[in-house]
Amino acid sequence: MSKIIFFLSIVVLAVSCKDAAQDKSNIREIRWEETTDSLPQKSRVDAKAQTILNDWLEYNALDKSFDKIYTSEHIEDFQFLVDELIENQKKMEESTYPEKFNIPQVKGRQKLFKTYILKTKGDLEYQQNPRESILQMIAAYNDLRNQFNVIVNNTLPDELIKNEDN
């Protein structure tokens, strides 16, 4: 009788552990769908800025990688995408900036974007919910794009901006 109870308890234990493992992967998929649900769209770039950006190949590669955020369906795809974003951001940082955008305001916004990419990567590696860092990363990227718009629509003469005596 004790052998039957022993074997019965082992079978129950094995079956319950197997169901828990299946539920964990299912929960991870549901969490990912909740994380990517209703992400803010990236901001638009003015036509003037876009003509300058069209010649900047490294920025265009980063922009194409960033667009994949909205189409990634699985967390594993998103992890590869974050690595791709890091690589493209490094290439952009090392590239030659267009003359109009070779200013500290653009480089500062790009550094902030890099910070939030790395924060998102950290959340993914430590299996944290990356929703907040993804939102911050998108906001930083939108700030970078908006800075391009501000620069091309600036009506102040360059002499006033560069003159530190005023």
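Described below are features of the structure shown in this document.

So, how was this worked out
Residues numbered from 1 in each chain as written. Predicted model: local features only at pLDDT ≥ 70, side-chain atom pairs only at ≥ 80, totals over all residues. Heavy atoms only, no water. Core = buried A, V, L, I, M, F, W, Y, C linked by side-chain atoms within 4.5 Å. Buried < 20%, exposed > 50% of the residue type's maximum accessible area, 1.4 Å probe, protein only. Helix = DSSP H or I, 4+ residues; strand = E, 2+ residues; numbered from the N terminus. Polar contact = N/O pair within 3.5 Å; in protein donor to acceptor, adjacent residues only side chain to side chain. Contact = heavy atoms within 4.5 Å. Axes fitted to C-alpha atoms, helices over the stretch in contact; angles between N-to-C directions. Parallel < 35°, antiparallel > 145°, perpendicular 65-115°, else oblique. Left-handed = near helix turned anticlockwise from the far one by under 90°. Nonpolar A, V, L, I, M, F, W, Y, C, P; charged D, E, K, R; others polar.

1. Quick look at the nonpolar core
Moving on, step 1. Counting 31 residues, the largest nonpolar core has Trp56, Ile69, Phe78, Leu85, Phe101, Phe113 and Phe148 as the members making the most contacts within it.
Moving on, step 2. Every element with two or more residues in this core is listed here: helix 2 (47–53), helix 3 (57–67), helix 4 (75–94), helix 5 (104–125) and helix 6 (131–152).
Moving on, step 3. Here the element with the most residues in this core is helix 6; it accounts for nine residues.

2. A closer look at the side chain of Asn88
Moving on, step 1. Following the sequence through the fold, Asn88 ends up in helix 4.
Moving on, step 2. For Asn88, a relative accessible area of 11% translates into the label buried.
Moving on, step 3. Within the local environment of Asn88, its side chain forms a polar contact with the backbone oxygen of Ala61, the two atoms lying 3.5 Å apart.
Moving on, step 4. With residues near it in sequence (within four places) discarded, Asn88 still touches Ala61, Leu62 and Ser65.

3. Quick look at the packing of helix 4 against helix 5
Moving on, step 1. Interaxial distance between helix 4 and helix 5 falls to 10 Å at its minimum, and their mutual angle equals 155°. Taken together, the axes of helix 4 and helix 5 are roughly antiparallel relative to one another. Here the hand of the crossing between helix 4 and helix 5 comes out left-handed. Here Ile75, Phe78, Gln79, Val82, Asp83, Leu85, Ile86, Gln89, Met92 and Glu93 of helix 4 lie close against helix 5, whose contacting residues are Gln110, Lys111, Phe113, Lys114, Ile117, Leu118, Thr120, Lys121 and Leu124.
Moving on, step 2. Looking at the contact of helix 4 with helix 5, its residues break down into ten nonpolar, four polar and five charged.

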